[in-house]
Amino acid sequence: MATMLPAEWIKNWEKGGRNEFLQLCRALSEDKSHDSLSFRDIQQALYELSSHVVRGNLKNEQASGVLADIIEFREDMPSILADAFCILDIETSCLEEKTKRDCFTQLVLSCLYLVSDTVLKERLDPETLESLGLIKQSQQFNQKSVKIKTKLFYKQQKFNLLREENEGYAKLIAELGQDLSGNITSDLILENIKSLIGCFNLDPNRVLDIILEVYECRPEYDDFFVPLIESYMYMCEPQTLCHILGFKFKFYQDPSGETPSSLYRVAAVLLQHNLIDLEDLYVHLLPGDNAIIEEHKREIVEAKQIVRKLTMVVLSSEKTEEKEKEKEKEEEKTEKPPDNQKLGLLEALLKIGDWQHAQSIMDQMPPFYATSHKPIAIALCQLVHVTVEPLYRRVGVPKGAKGSPVSPLPNKKAPKQADSFEDLRKEVFNMLCYLGPHLSHDPILFAKVVRLGKAFMKEAGTTKKFISDRMVKFQSDGSKQEDKEKMEVLFSCVLSITDQVLLPSLSLMDCNACMSEELWGMFKTFPYQYRYRLYGQWKNETYNSHPLLVKVKAQTIDRAKYIMKRLTKENVKPSGRQIGKLSHANPTILFDYILSQIQKYDNLITPVVDSLKYLTSLNYDVLAYCIIEALANPEKERMKHDDTTISSWLQSLASFCGAVFRKYPIELAGLLQYVANQLKAGKSFDLLILKEVVQKMAGIEITEEMTMEQLEAMTGGEQLKAEGGYFGQIRNTKKSSQRLKDALLDHDLALPLCLLMAQQRNGVIFQEGGEKHLKLVGKLYDQCHDTLVQFGGFLASNLSTEDYIKRVPSIDVLCNEFHTPHDAAFFLSRPMYAHQISSKYDELKKAEKGNKQQHKVHKYITACELVMAPVHEAVISLHPPKVWDDISPQFYATFWSLTMYDLAVPHSSYDREVNKLKVQMKAIDDNQEMPPNKKKKEKERCTALQDKLLEEEKKQLEHVQRVLQRLKLEKDNWLLAKSTKNETITKFLQLCIFPRCIFSAIDAVYCAHFVELVHQQKTPNFSTLLCYDRVFSDIIYTVASCTENEASRYGRFLCCMLETVTRWHSDRVIYEKECGNYPGFLTILRATGFDGGNKADQLDYENFRHVVHKWHYKLTKASVHCLETGEYTHIRNILIVLTKILPWYPKVLNLGQALERRVHKICQEEKEKRPDLYALAMGYSGQLKSRKPFMIPENEFHHKDPPARNAVAATVQNGPGGAGMPTSLTINTAKLEESTAEETDKLKEKSQGTVKVINKTVNATPKVTTSNGNSASNSKIIKEKDDKEKSGKEKDKEKKEKIPATTPEAKALGKDGKDKPKEERANKDDKPREIKEKTPKSDKEKEKAKKEEKASKEEKSKTIVTTIESKSVAEKEREKEPSREKDVAKDMKSKENTKGGEKIPVAGSLKSPVPRSETSESEREQKRRKVDIHSSPSHSSTVKDNLNELKDSSTKHYINHTTPTLSKSKEREVDKKDLDKSRERSREREKKEEKDRKDRKRDHSNSDREVPQDSTKRRKEENGTSSSKHSKSESPSDSPRSNEKEREKSKSKSSGKEKGDSIKAEKMEKSSSGSKKESRHDKEKEKKEKRDSTGGKEEKKHHKSSEKHR
């Protein structure tokens, strides 16, 4: 016999022999049967290997190592090895060489762990066993074995055999046990059995019993025994077989007994062949049904207890004790699994494929009780495997997968295998339903079922399509209809299986991500409605159906709590992995918990969103469902308890929605449909979600807080919008916005959502808002409107032209059929018109290749006419015919179809963004750490962006030029004016401007620009003056009817309108150029006492200034009215509007004061009551105070006749609201500083120049106002203003040096008026109150007297038609001017005094040291100001914010708080001295003034703006002067003395600056002698002299420039 192991293998064992041997064994092990050749070969191989070890050719370790490797190749390998050892044992025991025997024992010892003791004891000699240490003594072992054998084989059992004879039974067993492979049939044997019974008198029942016993032992011979028993039963009573089986089962029913599987199998086969009835056998089996039901209930109770324990908070000491108890209980359970014969029989039935009987047993038990036992679940799974095999092989196997085929059952009575989906419905689905959640035991079958489902959905999809196509052709084809019905039935079955089996099974699988993905393969073929229904069942019902699932749910929540407690931004990755693992099996439970946490703590949103990256597709879909379910939760309130704001849980969920849908590929259809359904139901709360989703996914932001720069950027092209239009730089939204777009288009939700939102805006007010707080209604309206604007913007920028045009109907259909409000309808149609015009224009360009600009414009206009003609027709139906008498449909359509993009190019925005990119590129170049390839990429990105922006700008410029050409041609047909101009303006405002200016911030700007454009185009029949008058005249009603955001947009509109008006008002030249000969400014002037014919005339500049003043007055009146109503909406809206128009209003000092008093009152009243109004008012108040330096007295705003010289100074009391309020300021201050321009005819022209320059600078500065009250432009404006004010201020500075020193306290207070001790403040506040009450009365009497004097003048003066305003008010203001001029002069003197020996602070420092020389003046000032200002706490606190911007102004503002240090008598003396000095000074100044003017003329050409450093410092120092100057300008004079002083000052005002220089040394001496610390003042004096000598030229220059402006 050839050897299996060649000698070379043994020699080269380590090199290659070992591997060769392993391969040989592996090959031989593939055939598992016992009687094949390979079995013998493997025996030989093992024997040869062992004998090589015995001979010493191979080391013991080498052999035992390789044996350990091959032992796994077959189940019976240990037995084969034991056989080899047995032969070697016999061989070595005969040999005389002891070494070989030793080698053998060593080998066996080293292989003991491979072969069990019992096998070795069976095969080896007792002596060998003793030497191996497996038995103690071989002799005892031998004796024991002899005893056992005797007992087994020779001991006679005692039977009471009576008539029966043993021989007969012996023959019977021999007969049944013979080899049945030949021609022996059951009939033949039956005949023999009959003869044996007859011959040996055997008991037929006992014979039947023996037949069953033999059958048990020979289960493979079903075909023989079943017919034999069947034939035998003809001789017995029917019940006999059942009783015998029953006795057999009873025998094993004692507690320690275990029923053999062979008995179950015999019973099962007999049941399958109907030889016994299940009902008859069932009663013999244990346990009883009641016991089973009890056990099931107990399991449920236990599961619930576990859940309770998990939700309870347990202290750590108790925890350990409980754990120990639980362990003990578990051990007890595992020790004794009770023998359930019913389940054993069930398992046997399933194994042989008897589904009918198995089903009826399962029906007797509680649901899923049977399959909760693993062997039964596995048996049932196996049966399903077999049944689905042919169909699965045909349609379910994925491409490229082989899979192991399942062989069919040999049993003919087993269920028929499925060849079609219809067959699945008959049996398989039923089997799966009995399996329920326990399909989890067989993941392979799970995958098969899912793949079959997928295949069915695929087939159903094609069939459906096929049927629908065919149905069109043959309506009568009944078979196709049947197919359709069958498909529907099957589909519902698939859904049921998914709900009852697949999803619960997934819950019990241990984080099997592959199954989750496999399941998604089928799920994604279902519409989302079905999917969400399934998830809902899974989440809310499935987990309660079974004790196991109850436990799993509790464990999942417990684990979720554990993870969520530890989730932070830092550990997102590890926590994310844990969440991922947990979500594969139980996503619904996990997400439900996570969402509940997010609703409570919104700071979890970011870490949770980041941690969800390890989910499967199915989990993302479940998450979408869970979000919708959380949003739709009927138990949650959508409003906070105050009923004025949306609940925070809803806001958190919306925010989470936006973030999660943007970051992960989750289907959006369900969420969007949910929002649409809510809108259909008239609920708009959930629009918050849509808003967030669009914002995050498309990067389109809607916010009212946009700066003017951003707004400007939003009027450019798409690239500019993305770069400069939004707060967050939103990048990488391409994919997410594409997903959003696809979801909207696939489910046809784009237009419905728009229309629903447009309709819901009014629904919010008239349907939803019935019971709700007005504030909440406004919020909901805004939310609805903003979302519409945002969503419309998204559609316009993301839908292709065809998609958009296909979906949006024409304007008349939108308005008349869908009842869309006109503004919204045009908003939706506008992009369509733009698309259509541009595509038509491109067509025409291609058709004719003319490149001239005129040709292009002509083509563009043609394109516009073609596209807009049907629109002009369509809009006629939107309004009554009477409307079209005044404005043409063409004008209406043009207004509504254009945008800011069409009217103007935002060059500054483009430049700003390009510069930013240049800076970025420079930063990239300078960055040393960045790797070169990244540098290159970044630079390329920046360059590409820059090119795009420049290209876009060029494109827009060409477009704007074309549009303006088009408007030029159209304008003559715009306004038909069949009725009056007034009526035309009414229609224009009512149908165009007002609806659109509150639509969006850009529309607000557009409306203002459009009005200006209509004016500039010299449009016939358009009265610009009337239009502006109607806009500014009474804003109360429009403001009161706005929501919060609309008020903000309306404010923007007014701001832009005021900007235009202020530009015209600022300079005669600009006015003449832009308005002089324009038809918009044609008006009729009536003389009051003249009745002759009215002649139309151009409005001249001065009258226009009167009109603008009237508008400002009207605005003040309306504002004060709104503030005084006490109505929440009025106050909030007017404050929002006022904040928006702050750059251009208030300009006039007294109007500003009236406003400030009113706002201050609101601050005090609302502090406790309505904190949001208080915050708004405080914000506005602070910003208003920061504008103070730029306000001017009324007589500078518009020219007034000077009143009588000796008139007593009266308090300013023009605006509504009375006297004596802290000042607020306007920009045109520069005029008043040096001289009263209106009094000196010489300087009149120059003063107009100043206005022009200042207004230019104003227009150039940005209009952004920051929240703390500092305007971003203030510093810029102040600096520019200072250049012009310089001349007046040098003079002030010199005067200041006169005053004696102040206390250190005053110095501190200079920094911050709030640091003052409270007691002092209280003392000071008492006095002003008394005076406050007295002064206004006397002032009013004086004013009445003055009114009478002026009456004659009034009659003569001209009035404008449009100005319908009481004369008394205008006259009041005029009367006040002289006194105010005097006051200003007085102020300047006090300022000069205050500024005495002051050090110049370094730019940027907050300190403003006030030398001691200020005390005496400050005392006097204090008293005077107490009467003048009535400074309020809010005033001081707000101005405090401005310290950074206006460094020194605080010193002057708060000087009135300094502590009085001198007595009143001293004060009076100082007063007298001061008066004398000032008189002398003014005389000297008059002499010098002539000299100065000559000097100035000489240096006139040098009036540039560059100033050396020290003069800029000085300028900064002087920033505050104007504010305190005006703070006193309204005061009634204290005494005749102060009146004289004012007169002196008004004279001295017009004197020049150089005179001050000459007197400076004299002043300095005086002030230093008055001070205590002389040395300090000497130093300061030297500094000043130096500065004067260097700055002399500069001062001259500035004098010249300011004179020029004057």
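1. So, the overall build of the protein
Moving on, step 1. In terms of regular secondary structure, the protein is built from 73 helices and three strands.
Moving on, step 2. Within the protein, the fraction of its 1606 residues that count as buried is 54%.
Moving on, step 3. Summed over its atoms, the accessible surface of the protein is roughly 73,600 Å², and 52% of this surface lies on carbon and sulfur atoms.

2. Remarks on a nonpolar patch on the surface
Moving on, step 1. A cluster of nonpolar side chains, namely Ile-148, Leu-152, Phe-153 and Tyr-154, defines an oily patch on the protein surface of about 530 Å² accessible area.
Moving on, step 2. The class for Ile-148 is partly exposed, based on a relative accessible area of 47%.

3. Details of the pattern of salt bridges
Moving on, step 1. One pass over the full model with this rule turns up 51 salt bridges.
Moving on, step 2. Among the ionic pairs, Asp-592 bridges to Lys-539, the shortest N-O distance being 3.5 Å. Of this pair, Asp-592 sits in helix H29 (residues 587–600) while Lys-539 sits in helix H26 (residues 528–540), and the two are 53 residues apart along the sequence.
Moving on, step 3. On the accessibility criterion, Asp-592 (35% relative accessible area) is partly exposed.

4. A short note on helix H48 (residues 981–997)
Moving on, step 1. A maximum bend of about 40 degrees is found in H48 at Leu-989.
Moving on, step 2. For H48, every residue scored as buried is listed here: Thr-984, Ile-985, Lys-987, Phe-988, Leu-989, Leu-991, Cys-992, Ile-993, Arg-996 and Cys-997.
Moving on, step 3. Against the buried residues of H48 lie helix H42 (822–847), helix H44 (889–897), helix H49 (1001–1016), helix H50 (1024–1033) and helix H52 (1044–1066).

5. Here's the deal with the packing of aromatic side chains
Moving on, step 1. Summed over all chains, the structure comprises 47 aromatic pairs.
Moving on, step 2. With 5.1 Å between their ring centres and 20 degrees between their planes, Tyr-620 and Tyr-664 make a pair best called stacked. On the criterion of sequence distance, the pair formed by Tyr-620 in helix H31 (residues 617–631) and Tyr-664 in the loop between helix H32 (648–663) and helix H33 (669–680) is long-range, its members being 44 residues apart. Judged on exposure class, the residue Tyr-620 and its partner Tyr-664 are both buried.
Moving on, step 3. Of the aromatic side chains, those joined through ring pairs into one cluster are Phe-826, Trp-884, Phe-891, Tyr-892, Phe-895, Trp-896, Trp-974, Phe-988, Tyr-1006, Phe-1010 and Phe-1022.
Moving on, step 4. Geometry around Tyr-1006 places Arg-996 over its ring, the cationic atom sitting 3.8 Å from the centre.
Moving on, step 5. Its guanidinium or amino end placed over the ring of Tyr-1078, Lys-1018 lies 4.6 Å from that ring's centre, counting from NZ or CZ.

6. Details of the nonpolar core
Moving on, step 1. Ranked by internal contacts, the top residues of the largest apolar core, which has 323 residues, are Leu-345, Phe-656 and Phe-1053.
Moving on, step 2. Other than its neighbours up to four places away in sequence, Phe-656 contacts Leu-595, Ile-598, Ile-605, Val-608, Val-609, Leu-612, Leu-623 and Ile-627.
Moving on, step 3. The next biggest cluster of nonpolar side chains, apart from the first, holds 44 residues, and it includes Leu-49, Leu-88, Leu-114 and Leu-129.

7. Quick word on a positive patch on the surface
Moving on, step 1. On the surface, a cluster of positive charge is contributed by Arg-559, Lys-565, Arg-566 and Lys-581.
Moving on, step 2. For the positive patch, the element with the highest residue contribution is helix H27 (residues 547–566), accounting for three residues.
Moving on, step 3. Within the element layout of this structure, Arg-566 appears in helix H27.
Moving on, step 4. Accessibility expressed as a relative area gives 40% for Arg-566, which makes it partly exposed.

8. Let's talk about helix H3 (residues 37–55)
Moving on, step 1. When the terminal C-alpha atoms of H3 are compared, their 27 Å separation across 19 residues agrees well with the 27 Å that a helix rising 1.5 Å per residue should span.
Moving on, step 2. Gly-56 lies just past H3 and shows a positive phi near 90 degrees.

9. Re the packing of helix H39 (residues 774–798) against H42
Moving on, step 1. For the pair H39 and H42, interaxial distance at closest approach is 10 Å and the crossing angle is 15 degrees. As summarised for this structure, H39 and H42 are arranged roughly parallel, according to the angle between their axes. The two elements H39 and H42 meet at a crossing, and its hand is right-handed. Residues Leu-788, Val-789, Gly-792, Gly-793 and Ala-796 of H39 lie in contact with H42, whose contacting residues are Ala-824, Phe-827, Pro-831 and His-835.
Moving on, step 2. Per-class residue counts for the contact of H39 with H42 are six nonpolar, three polar and no charged.

10. Regarding unusual backbone geometry
Glycine aside, residues mostly have negative phi angles, and peptide bonds mostly take the trans form.
Moving on, step 1. Of note, the amide linkage connecting Leu-286 to Pro-287 takes the cis form, showing an omega dihedral of -5 degrees.
Moving on, step 2. Mapping Pro-287 onto the fold places it in the loop between helix H16 (278–282) and helix H17 (289–311).
Moving on, step 3. Cis geometry is adopted by the peptide bond preceding Pro-1146, which originates at Tyr-1145 and carries an omega value of 0 degrees.
Moving on, step 4. Mapped onto the elements, Pro-1146 comes out in the loop between helix H55 (1128–1140) and helix H56 (1149–1169).
Moving on, step 5. For Asp-748, which is not glycine, the phi dihedral falls at a positive 50 degrees.
Moving on, step 6. Mapped onto the secondary structure, Asp-748 falls in the loop between helix H37 (734–746) and helix H38 (750–768).
Moving on, step 7. According to the relative accessible area criterion, Asp-748 is exposed, its value standing at 52%.

11. Observations regarding the side chain of Arg-1105
Moving on, step 1. One can find Arg-1105 in helix H54 (residues 1101–1125).
Moving on, step 2. Among the polar contacts made by the side chain of Arg-1105, one reaches the main-chain carbonyl oxygen of Phe-1197 at a distance of 3.3 Å.

Definitions and cut-offs
- Residues numbered from 1 in each chain as written.
- Predicted model: local features only at pLDDT ≥ 70, side-chain atom pairs only at ≥ 80, totals over all residues.
- Heavy atoms only, no water.
- Helix = DSSP H or I, 4+ residues; strand = E, 2+ residues; numbered from the N terminus.
- Buried < 20%, exposed > 50% of the residue type's maximum accessible area, 1.4 Å probe, protein only.
- Areas by Shrake-Rupley, 256 points an atom, 1.4 Å probe, with all protein chains shown as cover.
- Patch = residues over 30% accessible without salt bridge, like charges linked within 9 Å, V, L, I, M, F, W, Y side chains within 5 Å.
- Salt bridge = Lys/Arg side-chain N within 4 Å of Asp/Glu carboxyl O.
- Bend = angle between axes of the 7 residues up to and from the residue.
- Contact = heavy atoms within 4.5 Å.
- Phe/Tyr/Trp six-rings, centres within 6.5 Å; stacked < 30°, edge-to-face > 60°.
- Lys NZ or Arg CZ within 6 Å of the ring centre and 35° of its normal.
- Core = buried A, V, L, I, M, F, W, Y, C linked by side-chain atoms within 4.5 Å.
- Lys, Arg positive; Asp, Glu negative; His and termini not counted.
- Charge placed at Lys NZ, Arg CZ, Asp CG, Glu CD.
- Expected span 1.5 Å × (residues − 1).
- Axes fitted to C-alpha atoms, helices over the stretch in contact; angles between N-to-C directions.
- Parallel < 35°, antiparallel > 145°, perpendicular 65-115°, else oblique.
- Left-handed = near helix turned anticlockwise from the far one by under 90°.
- Nonpolar A, V, L, I, M, F, W, Y, C, P; charged D, E, K, R; others polar.
- Polar contact = N/O pair within 3.5 Å; in protein donor to acceptor, adjacent residues only side chain to side chain.

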